[in-house]
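Inside the fold
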Amino acid sequence: MLQEVKDLQNNAVSRLVEYISRKSETTFRAPTGSGKTYMMGDLMNRIIGRNDKVVFLVSSLSKGDLARQNYESFKDNADAGVFPNLKPYLISTEVSGEEGLQIPLDYNVYVLPRDLFKQDSLLMRGPMINFLRTMTGDLFGEGLNNILYLIKDECHQATSNLDEISGDFFRKVINFSATPNRSRGQIPDVQISDKEAEDVGLIKKVEFGNLNDTVEDAINKFKEVKQDYISLDVEPCLIIQISNAAKAEQELNDNIMPVLNKVENQGLKWMVMVDLKGKKSESTLCDTNDIIKGKLPVSQWKDYAKHRGIDIIIFKMVISEGWDIPRACMLYQVRDSKSKQLDEQVLGRVRRNPRLLDFEKLNERQKELATTAWVWGIMPDNMAARYTVSLFDGGKEIQENFKVKSTKLVNLTMERNFNIDELMDRQEYKLESTDIFKLYRDMEKVPNEVQDLCYKYANGNVLRWYKFAEHIGLAKEKYNTFICDYAQSLVVDKETTFPVTSSFNDSQHKEGDMNWIWRRKDGRDRFAFDSYAEREWAAILRKLARRGYVMELEVPQMDADDELFLWGKNYPQNSEIRYEYYADGVHASYPDFILKDMHGRIHLFEVKSVNVATNSNIEREEYEKKKPAQSLSRMFKKIARISLLSAYHERGGMADKKIPERQFFGDGI
């Protein structure tokens, strides 16, 4: 699953680079918790790698947290060699001296806290304008002639002072946000949908509670989940948000604290961070029943709350951006009389996957916990409802009936007849004519597998690295030839089956009475599909089942009139029934439907639609250009051949006998 996360982020950045090359202003949308800061760093690293005259100014919300958080992320990844082209600098008034604020000129990523650029601020009085003029060469013709790009992080927040001068200094403007402001023209050019991020386990799916549930209902649910979380080795956290500032103190005293002070809840550790501005003291209330006490800066309270020990955090202050707490899994919004809609920025606080880096090691129940958030609040307009499904009757018998092999693409080094040393030893050095910086930029443009070959060959020797880099085109050609030849690169991975639990997003394409392997957790028998084509194909499979072409599972506890047929949607959430293919990068295909017929044969169905699918971000022009359907067809043809040869061998045939593909597949596959 981690590789799929990388692929999702990498593909999004690749498309964003393409859009930036042809537009003056570009907007990128991705849900909170999906790694926007990492993708921002990747984007800058790629662009600077292609043109070292580009300099980025990253405008981040607030005077403190988010800007410093972004800077530290860029710095850590640059120092670790993940983004070697980045030289980040955090602009701060704390570094100013008697002469006023000075901004050094030898960096290429400048992180600017938005509040420093307010009208009449120290920065606004001249240093920033002089800095921009010097960077762009607009200072008596003696500037650096760099090309400035502006990244507006959390672009839904207004930055009017920067907007006023952006046309004078910035060649490109790139908007990043989970909630772009469409009224200001921030229409996403590239986006990662919530569904895409959920399907690969990058963020949690959301289960919404009943709007009539009380704080006590949420706390009781939290205590239940906390017991389950013990196996996950994560201490969960419930966030309670008070949305009415005027009633904050009243809500605390009348509705929240009495519940927390009950005997059965005294084992829970809580922390209160509530802004009480408007009171005579203009104070902020921070309190806890943990050992930490005393008057501390709010930032220290927030840092303390991130760590183990605090079960429930109650807040009414702006912590929606730049405050990460991956262990948080529940959010209860105490709504005012106007029933304020749940803010997606706040919702994002409980959607991060706390076990993303080792997700593959978790069992089914742990994966379900790590990818589920429980929320009480009014669903945002742009968020589709998510419904949990589980295999009928615990799933054990169904899983036994669906044992299928997954496949993966192997690295070029796995080819028995390939030797990188022999290939490179036959090439000549061209040291006298090649720019090492250009070679490095060329190296970053090739697939990671080719870069791995380079470092394997070089083994710490600079001259060998230089030689490989000079012949990078040859290595890339060899890689493409190998990876696209599925007879060599595609191998059987492991035996898989349906997960016990999964989920799907609501859509306009609905069908009920499916009589298949899935049951909805809420007891309803209505399922949504990603496209019109999927829904229509599901209806066809349902008819085939009722006509006797699909194996039926006999379940003793079912009513005599009920039927359960062995077919179902292969929901990507938690599924390992996946097949890798290559189309300008390694991707994974999850067959849309899987069916077991009356003869015990398992059928995989991949549905492609000419209509726009739910949550689809694929541009028609890009789809036609890359033709992923052709890559999928070649991949599935190879899988079918592997399966047929395996069956032939099991029945006594010769393992190496060549069987004409047309004999089995015809011309239409």
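Please read these numbers as outputs of a predicted model, since none were measured by experiment.

1. A word on the overall build of the protein
Scanning the protein from N- to C-terminus turns up 22 helices and 26 strands. Expressed as a percentage of contacts within the protein between residues at least 6 apart in sequence, the contacts between residues at least 24 apart total 72%. Total accessible area on the protein is roughly 32,600 Å²; 47% of this is exposed by carbon and sulfur atoms.

2. Quick word on the side chain of Asn 77
Tracing the backbone shows Asn 77 in helix α3 (residues 65–79). Here Asn 77 is in contact with Tyr 38, Val 82 and Phe 83, once residues within four sequence places are set aside.

3. Notes on the sheet that holds strand β20 (residues 518–520)
Spatial ordering of the open sheet is given by β18-β15-β20, a layout of three strands whose pairing is antiparallel. Edge positions in the sheet fall to β18 (501–505) and β20, since each of these pairs with one other strand and no more. Averaged over all pairs of adjacent strands, the angle between strand axes in this sheet comes to 40 degrees, irrespective of strand direction. Of the strand pairs in this sheet, strand β15 (residues 386–391) and β20 are connected by three bridges, and their pairing is antiparallel. Looking across to β20, one finds that Val 389 is bridged to Arg 520.

4. Here we look at the sheet that holds strand β22 (residues 567–569)
Across the sheet, three strands lie side by side as β22-β25-β26; this open sheet has antiparallel pairing. Each having just a single partner strand, β22 and β26 (602–605) make up the two edges of the open sheet. Ignoring which end each strand starts from, the neighbouring axes of this sheet average 15 degrees apart. Bridge count between β22 and strand β25 (residues 593–596): three bridges; the pairing is antiparallel. Residue pairing across strands places Gly 568 opposite Ile 594, the latter belonging to β25.

5. Description of the nonpolar core
Phe 468, Trp 516, Trp 518, Phe 527 and Trp 567 are the most contacted members of the largest nonpolar core, which has 59 residues in total. Looking at this core element by element, the count peaks at five residues for helix α15 (residues 448–458). In contact with Trp 516, not counting residues within four places along its chain, are Phe 527, Phe 529, Leu 564, Phe 565, Trp 567, Gly 568, Lys 569, Tyr 571 and Phe 593. Formed by 40 residues, the second largest nonpolar core is a distinct cluster that contains Val 13, Leu 90, Ile 151 and Ile 203.

6. Some thoughts on the pairing of β18
In summary, the side chains of a regular strand alternate between the two faces of the sheet. The element β18 is extensively covered by neighbouring structure, given that five of its five residues are classed as buried. Neither face of β18 is exposed, since Thr 501, Ser 503 and Asn 505 on one face and Ser 502 and Phe 504 on the opposite face are all buried. Taken together, the five bridges between β15 and β18 define a ladder with antiparallel strand orientation. Each residue of the ladder has a partner; that of Val 389, found in β18, is Ser 502.

7. Points about the packing of aromatic side chains
Where two aromatic rings form a pair, the distance of their centres and the angle of their planes describe that pair. Taken as a whole and assessed by the stated rule, the structure comprises 22 aromatic pairs. With centroids separated by 5.7 Å and ring planes inclined at 20 degrees, the aromatic side chains of Phe 504 and Tyr 571 adopt a geometry described as stacked. Of this pair, Phe 504 sits in strand β18 while Tyr 571 is found in the loop between β22 and β23 (579–582), placing the two residues 67 residues apart along the sequence. For Phe 504, a relative accessible area of 4% translates into the label buried. Plain terms: the ring middles of Trp 518 and Tyr 571 are 5.6 Å apart, the flat faces sit at 55 degrees to each other, and that makes the pair tilted.

8. Comments concerning empty space enclosed by the protein
For the coordinates displayed, the defined rule picks out three cavities of 30 Å³ or more. Of the volumes computed, that of the largest cavity is approximately 70 Å³. Considering the residues around the largest cavity, the lining is formed by Lys 195, Asp 199, Arg 386, Ser 503, Phe 504, Asn 505, Ala 528, Phe 529, Asp 530, Lys 569, Tyr 571 and Pro 572. Contributions of two or more residues to the lining of the largest cavity are made by α6 (194–199), β18 and β21 (526–529). For the lining of the largest cavity, the per-class residue count stands at five nonpolar, two polar and five charged.

9. Notes on the environment of Lys 87
Position of Lys 87 relative to the elements: it lies in the loop between α3 and β3 (88–90). Put simply, Lys 87 and Asn 108 are 21 residues apart on the chain and 5.5 Å apart in space, counted from C-alpha to C-alpha. Those residues in contact with Lys 87, other than ones at most four positions away along the chain, are Asp 106, Tyr 107, Asn 108 and Val 109. Here the side chain of Lys 87 touches Asp 106 through a polar contact of 3.0 Å, landing on its backbone oxygen.

10. Comments concerning helix α8 (residues 248–260)
The axis of α8 is deflected most strongly, by about 30 degrees, at Asp 254, and proline Pro 258 appears within four residues downstream. Buried within α8 are the following residues: Ala 248, Glu 251, Leu 252, Ile 256, Met 257, Val 259 and Leu 260.

11. What about the side chain of Glu 4?
Summarising the element assignment, Glu 4 is placed in helix α1 (residues 2–22). A polar contact of 2.3 Å, which involves the side chain of Glu 4, links it to the side chain of Arg 578. Every residue in contact with Glu 4, bar those within four places of it in the chain, is listed here: Val 200, Arg 578, Ala 588 and Tyr 590.

12. Considerations on α1
The end-to-end C-alpha distance of α1 is 31 Å, a good match for the 30 Å that 21 residues give at a rise of 1.5 Å each. Those residues of α1 not exposed but buried are Glu 4, Val 5, Asp 7, Leu 8, Gln 9, Ala 12, Val 13, Arg 15, Leu 16, Val 17, Tyr 19 and Ile 20.

13. Concerning a negative patch on the surface
A cluster of acidic side chains, namely Glu 552, Glu 554, Asp 562 and Glu 563, defines a negative patch on the protein surface. Within the secondary structure, Glu 563 sits in the loop between α19 (532–546) and β22. We classify Glu 563 as partly exposed; its relative accessible area is 32%.

14. A look at unusual backbone geometry
Of note, Asp 513 is a non-glycine position whose phi angle comes to about 55 degrees, a positive value. Position of Asp 513 among the secondary structure elements: in the loop between β19 (509–512) and β20. Taking relative accessible area as the criterion, Asp 513 reaches 40% and is therefore assigned partly exposed. Backbone geometry at Asn 574 places phi at a positive 75 degrees, although glycine is not the residue there. Topologically, Asn 574 is positioned in the loop between β22 and β23.

15. What about the pattern of salt bridges?
Working definition: two side chains of opposite charge can pair if their charged atoms are close together. Under the defined criterion, the tally for this structure stands at 34 salt bridges. Put simply, Arg 351 and Asp 194 hold a salt bridge, and the shortest N to O gap is 2.7 Å. With Arg 351 in the loop between α10 (344–347) and α11 (364–370) and Asp 194 in helix α6, this pair connects stretches of sequence that are 157 residues apart. The shortest N-O distance in the salt bridge between Asp 597 and Arg 601 comes to 2.9 Å. Salt bridges linked by common partners bring Arg 29, Asp 194, Lys 195, Glu 198, Asp 199, Arg 351, Arg 386 and Asp 530 together as one network.

What counts and what doesn't
- Residues numbered from 1 in each chain as written.
- Predicted model: local features only at pLDDT ≥ 70, side-chain atom pairs only at ≥ 80, totals over all residues.
- Heavy atoms only, no water.
- Helix = DSSP H or I, 4+ residues; strand = E, 2+ residues; numbered from the N terminus.
- Contact = heavy atoms within 4.5 Å.
- Areas by Shrake-Rupley, 256 points an atom, 1.4 Å probe, with all protein chains shown as cover.
- Pairing = 2+ DSSP bridges.
- Axes fitted to C-alpha atoms, helices over the stretch in contact; angles between N-to-C directions.
- Core = buried A, V, L, I, M, F, W, Y, C linked by side-chain atoms within 4.5 Å.
- Buried < 20%, exposed > 50% of the residue type's maximum accessible area, 1.4 Å probe, protein only.
- Phe/Tyr/Trp six-rings, centres within 6.5 Å; stacked < 30°, edge-to-face > 60°.
- 1 Å grid on protein atoms, 1.4 Å probe; cavity = no way out; pocket = protein on both sides within 12 Å on 5 of 7 lines; lining within 4 Å.
- Points joined across faces, edges and corners; volume = space filled by probe spheres on them.
- Nonpolar A, V, L, I, M, F, W, Y, C, P; charged D, E, K, R; others polar.
- Polar contact = N/O pair within 3.5 Å; in protein donor to acceptor, adjacent residues only side chain to side chain.
- Bend = angle between axes of the 7 residues up to and from the residue.
- Expected span 1.5 Å × (residues − 1).
- Patch = residues over 30% accessible without salt bridge, like charges linked within 9 Å, V, L, I, M, F, W, Y side chains within 5 Å.
- Salt bridge = Lys/Arg side-chain N within 4 Å of Asp/Glu carboxyl O.
- Lys, Arg positive; Asp, Glu negative; His and termini not counted.
- Charge placed at Lys NZ, Arg CZ, Asp CG, Glu CD.

Spatial relationships are all this shows, so hold off on functional conclusions.
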